[in-house]
Amino acid sequence: MKSIILLAMTLVFSSLSIADGRNEGITCLSDDQWVKAEWGDRSNANQSQWVQATKSIPGTPANPSFDTGCLGRCGEGCGSDNGAGFYTKDCLDHDMCAFYDVEFGGAFDRDCGDEWRQAADDFTFGQACRLSSN
Ligand SMILES: [Ca+2]
Ligand SMILES: [Ca+2]
């Protein structure tokens, strides 16, 4: 019985993530690289946008406290190390999701929680994707 519940939960969680940008493992980005960001919003509609990693996100974020610098860096904005850090695809997808998100809720955010969780491995194990500050 336990295994059936576990299987059902796995199916529910995996189907929830289908409409969203997927977890792309830990995919490193390079300086100024053009990338098609992919994420799902609150209604789970697929969104995508071509953006340039390590740059600032053009335009005005939905939440004025959102730091638009250093796009694709795992962690908030350019951080205390002034732009150095891990730059990955899943962190970039989360940055773009958060850009359009009025409220931030980390792993449990209604809009960007799944993107946050997909970027957690990048944040933790992404040492190979480290770029120096520009
Ligand atoms: Ca990932
Ligand atoms: Ca989402």
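Our subject is the structure listed above.
Remember, predicted model here, so these are calculated numbers, not experimental data.

## Examining unusual backbone geometry
Now for step 1: Not every positive phi belongs to a glycine, and D32 is a case in point at roughly 65°.
Now for step 2: According to the relative accessible area criterion, D32 is partly exposed, its value standing at 34%.
Now for step 3: Unusually for a residue other than glycine, N82 sits at a positive phi of about 55°.
Now for step 4: By the element assignment, N82 lies in the loop between β2 (46-52) and β3 (85-86).
Now for step 5: A residue is classified by how much of its surface remains accessible, and N82, at 58% relative accessible area, is exposed.

## Observations regarding helix α2 (residues 89-99)
Helical geometry: 3.6 residues make up each α-helical turn, so side chains three or four residues apart lie on a common side.
Now for step 1: α2 sits mainly inside the fold: 11 of its 11 residues count as buried.
Now for step 2: Residues K89, D90, C91, L92, D93, H94, D95, M96, C97, A98 and F99 constitute the buried set of α2.
Now for step 3: Turning to α2, the residues buried within the fold contact β1 (34-40), β2 and α3 (113-125).

Conventions we followed
Residues numbered from 1 in each chain as written. Chains lettered and ligands numbered in written order. Predicted model: local features only at pLDDT ≥ 70, side-chain atom pairs only at ≥ 80, totals over all residues. Heavy atoms only, no water. Buried < 20%, exposed > 50% of the residue type's maximum accessible area, 1.4 Å probe, protein only. Helix = DSSP H or I, 4+ residues; strand = E, 2+ residues; numbered from the N terminus. Contact = heavy atoms within 4.5 Å.

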